[in-house]
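Examining the three-dimensional arrangement
Now for the letters of each chain:
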Amino acid sequence: AGFMAEGTERLIRAWLNKARHDIETARRVLYHNQPITDTAVYHCQQAAEKALKAVLIYHGESVFKTHDLIALLTKCANHDPVFINWVETAATLTPYATAFRYPANDPDPSLADAEQAVKMATELLDFVQSRLAPDPDQPAPPL
């Protein structure tokens, strides 16, 4: 056990940083004079996906290619059961990976749905960061 390798820590920080960028992008396209809700919800799903992948890397798992947040969340919960509380967020955001990216007969998400997506993704990312932040009073968790 002990502190994780510096390269791993840098990789986790990079995934979390990209997740932040996705949320910031969602905010910018949403809170503009012409809200673009389809792009906003896509970036919210992406932020959640990257945050959960950071958790898997933290726990020494290899990251697999998927947009299925429930699958990622389940793997996270195997290491840290509290993640199961985020299943509703995962279920809400997962379809946004694909649902609105291409022309279809469905209308774009409503502003309320997009705002909820931003809120959910932000809260999940904040939670992930709190779970991965080393507590100064505690030794680093074993990997």
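Note: the structure precedes this text.
Residues numbered from 1 in each chain as written. Predicted model: local features only at pLDDT ≥ 70, side-chain atom pairs only at ≥ 80, totals over all residues. Heavy atoms only, no water.

Comments concerning the pattern of salt bridges
Throughout the structure, instances matching the rule amount to 9 salt bridges. Across the salt bridge formed by K50 and D22, the nearest N and O atoms sit 2.5 Å from each other. Here K50, found in helix α2 (residues 37–58), pairs with D22, found in helix α1 (residues 6–30); they are 28 residues apart in sequence, far enough to count as distant. Side by side, K50 and D22 carry an identical accessibility label, which is buried. (Salt bridge = Lys/Arg side-chain N within 4 Å of Asp/Glu carboxyl O. Helix = DSSP H or I, 4+ residues; strand = E, 2+ residues; numbered from the N terminus. Buried < 20%, exposed > 50% of the residue type's maximum accessible area, 1.4 Å probe, protein only.)

A closer look at the packing of α1 against helix α5 (residues 111–132)
Between α1 and α5, the shortest axis-to-axis distance is 10 Å and the interhelical angle comes to 160°. By the angle between their axes, α1 is roughly antiparallel relative to α5. Between α1 and α5 lies a crossing of left-handed hand. Contacts between α1 and α5 involve I12, L16, A19, R20, I23, A26, R27 and L30 from the former and L111, A114, E115, V118, A121, T122, L125, D126, V128, Q129 and L132 from the latter. Among the residues forming the contact of α1 with α5, the class breakdown is 13 nonpolar, 2 polar and 4 charged. (Axes fitted to C-alpha atoms, helices over the stretch in contact; angles between N-to-C directions. Parallel < 35°, antiparallel > 145°, perpendicular 65-115°, else oblique. Left-handed = near helix turned anticlockwise from the far one by under 90°. Contact = heavy atoms within 4.5 Å. Nonpolar A, V, L, I, M, F, W, Y, C, P; charged D, E, K, R; others polar.)

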